[in-house]
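Fold and contact review
Below, each chain spelled out in residue letters.
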Amino acid sequence: MIVTTRSGNKYIVKTRFLHTPVYKENVDEYGRTHVIYWTEHTTRVSITPLKGGKVSTETTICGIARCHYKDKFDKTYGKKLAYQNAIDRMTDLQLISAGDRVDLYTFNLNAATYTAPEIPSCEEEAKV
């Protein structure tokens, strides 16, 4: 997915779902062995800036959302949470401006491409 902000910056957004089987074995005080199996669900969203039409592999930021084993796994919620984590991390590292952050937050994760709409200036709104 490619996101184009109002400032002209482009970002590639990729989503990956990881389902890792986990095996845990315990021995209680009576010498009995207890074996527990579960699947750990992790959603990972990576954001990579495009510079000059080429992918900048130097700065790929990942956001991660993990589902607790007792909760029901929801792909949509996991994608949103991981995407917000990635944007917050980019903001903390000062890799994006405040305008780009707003544009990235408005992006629909189910779309293939997205171009942020132009926001009319105060003078244009006064004419209307």
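Conventions used here
Residues numbered from 1 in each chain as written. Predicted model: local features only at pLDDT ≥ 70, side-chain atom pairs only at ≥ 80, totals over all residues. Heavy atoms only, no water. Helix = DSSP H or I, 4+ residues; strand = E, 2+ residues; numbered from the N terminus. Patch = residues over 30% accessible without salt bridge, like charges linked within 9 Å, V, L, I, M, F, W, Y side chains within 5 Å. Areas by Shrake-Rupley, 256 points an atom, 1.4 Å probe, with all protein chains shown as cover. Salt bridge = Lys/Arg side-chain N within 4 Å of Asp/Glu carboxyl O. Buried < 20%, exposed > 50% of the residue type's maximum accessible area, 1.4 Å probe, protein only. Pairing = 2+ DSSP bridges. Polar contact = N/O pair within 3.5 Å; in protein donor to acceptor, adjacent residues only side chain to side chain. Core = buried A, V, L, I, M, F, W, Y, C linked by side-chain atoms within 4.5 Å. Arc of directions from axis to C-beta. Expected span 1.5 Å × (residues − 1). Contact = heavy atoms within 4.5 Å.

The next point concerns unusual backbone geometry. Working note: non-glycine residues mostly have negative phi, and peptide bonds are mostly trans. Here the phi dihedral of Gln-94 falls at roughly 60°; this positive angle occurs in a residue that is not glycine. Following the sequence through the fold, Gln-94 ends up in the loop between α1 (75–92) and α2 (98–105).

On the surface, Tyr-23, Val-35 and Tyr-37 cluster together into a nonpolar patch covering about 350 Å² of accessible area. Structurally, Val-35 can be placed in strand β3 (residues 33–51). Looking at Val-35, the relative accessible area reads 39%, which means it is partly exposed.

Our next topic: the pairing of strand β2 (residues 10–27). Sheet topology note: the strand β1 (residues 2–4)/β2 ladder contains 3 bridges and is antiparallel. Of the residues in β2, the one forming a bridge with Ile-2 is Ile-12. What sits between β1 and β2 in their antiparallel hairpin is a turn of 5 residues, with Gly-8 showing a positive phi close to 95°. Sheet topology note: the β2/β3 ladder contains 18 bridges and is antiparallel. Paired with Thr-20 across the two strands is Glu-40, which belongs to β3.

Another aspect to go through is the environment of Thr-5. Relative to the assigned elements, Thr-5 resides in the loop between β1 and β2. For the pair Thr-5 and Asp-100, spaced 95 residues apart in sequence, the C-alpha to C-alpha distance is 5.9 Å. At 3.1 Å, the side chain of Thr-5 and the side chain of Ser-7 are in polar contact.

Moving on, we come to the nonpolar core. Among soluble globular proteins, nonpolar side chains are generally buried collectively. With 16 residues, the main nonpolar core has Val-13, Ile-47, Tyr-83 and Leu-104 as its most contacted residues. The set of elements that each furnish at least two residues to this core consists of β2, β3, β5 (61–67) and α1. In terms of residue count, α1 provides more of this core than any other element does, 5 residues in total.

Among all positions of α2, only Asp-100, Asp-103 and Leu-104 are buried. Take α2 and look down its axis: the buried residues cluster within an arc of 100°, on one side only.

Taking 1.5 Å of rise per residue, 18 residues should cover 26 Å, and α1 covers 26 Å from first to last C-alpha, within 8% of that figure. Along α1, the residues classified as buried are Gly-78, Lys-79, Ala-82, Tyr-83, Ala-86, Ile-87 and Met-90. When α1 is viewed along its axis, its buried side chains cluster within an angular range of 160° and face the same direction. Opposite the buried face of α1, at more than 90 degrees from it, the exposed residues are Tyr-77 and Asp-92. Close packing links the buried residues of α1 with β2, β3, β5 and α2.

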